[in-house]
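This is what each chain is made of:
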Amino acid sequence: LLDLLADAIGEIGFALASLGAAYEQLDQASADALEEQLFGPVQKAYGKAKRTYGSFADRAGLSTPTFQQDEAGLPSTGAKGFIDEAVHAIGAANGHLSTLQDSDELIEVGDAELRKDVSDLRGLIDDFPQRARERTRRLGR
């Protein structure tokens, strides 16, 4: 269970790094909109995912690793490319969370708080692809 959650955290962290790199390439108005519509919600999901991992690990008597964010690609990727990378990473994270949510082990463990937290996490990132598409359509306008 924790491995799936850790994989999701890694993907969300990469999305965060990619959005940060996109932010650096945008004009102030576009960067502010990106921060409000994309970066902020992903940052919130990243923090919640790490807290969820830590809380469950504590309840299970396990240690919590230090999560390191991956770095985004080369600047030549461009703002749209970085946002596209974030969309892909969030999709992968959502896949990991979906697998976790549907796993028999989650039911067997019987941890209601973990089940709720995973559901809440999915709610935070579910509409990210649509928001990202809307944001990239407006780049350069």
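Use the structure listed above.
On a predicted model such as this, the values are computed, not experimentally measured, just so you know. (Residues numbered from 1 in each chain as written. Predicted model: local features only at pLDDT ≥ 70, side-chain atom pairs only at ≥ 80, totals over all residues. Heavy atoms only, no water.)

Novice: Could you clarify how one ought to interpret the overall build of the chain in this entry?
Specialist: A tally of regular secondary structure across the chain gives six helices and zero strands. Each helix (α) and strand (β) of the chain, taken in turn from the N terminus, gives the series α-α-α-α-α-α. Across its three principal directions, the C-alpha atoms of the chain cover 50 × 25 × 20 Å. Across the 141 residues that make up the chain, the buried fraction comes to 41%. Looking at the chain as shown, the accessible area adds up to about 7,400 Å², and 48% of this sits on carbon and sulfur atoms. Charged side chains of the chain number 15 positive and 24 negative; the gap between the two group centres comes to 7 Å. (Helix = DSSP H or I, 4+ residues; strand = E, 2+ residues; numbered from the N terminus. Buried < 20%, exposed > 50% of the residue type's maximum accessible area, 1.4 Å probe, protein only. Areas by Shrake-Rupley, 256 points an atom, 1.4 Å probe, with all protein chains shown as cover. Lys, Arg positive; Asp, Glu negative; His and termini not counted. Charge placed at Lys NZ, Arg CZ, Asp CG, Glu CD.)

Novice: Looking at this structure, I do not really get the packing of helix H3 (residues 78-102) against helix H5 (residues 112-125). What am I missing?
Specialist: Packed helices, taken two at a time, are described by the angle between their axes plus the distance between the axes. The N-to-C vectors of H3 and H5 enclose an angle of 155°; their axes lie 10 Å apart at closest approach. Compared by their axis directions, H3 and H5 come out roughly antiparallel. Judged by the twist between their axes, the crossing of H3 over H5 is left-handed. Contact residues: H3 offers Ile90, Ala93, Asn94, Leu97, Ser98, Leu100 and Gln101, while H5 offers Val118, Ser119, Leu121, Arg122 and Ile125. (Axes fitted to C-alpha atoms, helices over the stretch in contact; angles between N-to-C directions. Parallel < 35°, antiparallel > 145°, perpendicular 65-115°, else oblique. Left-handed = near helix turned anticlockwise from the far one by under 90°. Contact = heavy atoms within 4.5 Å.)

Novice: Can you help me understand the nonpolar core in this one?
Specialist: For soluble globular proteins, nonpolar side chains are generally found buried alongside one another. Within the largest apolar cluster, 40 residues are counted, with the highest numbers of intra-cluster contacts made by Leu19, Leu34, Val42 and Phe128. Every residue in contact with leucine 19, bar those within four places of it in the chain, is listed here: Leu34, Leu38, Phe39, Val42, Ile83, Ala86 and Phe128. (Core = buried A, V, L, I, M, F, W, Y, C linked by side-chain atoms within 4.5 Å.)

Novice: How should I be thinking about the packing of H3 against helix H6 (residues 128-137) in this particular structure?
Specialist: One way to put it is that H3 packs onto H6 with a least axis distance of 10 Å and a crossing angle of 170°. Relative to H6, H3 is oriented roughly antiparallel. Within the contact between the two elements, H3 uses Lys80, Ile83, Ala86, Val87 and Ile90 and H6 uses Phe128, Pro129, Ala132 and Thr136.

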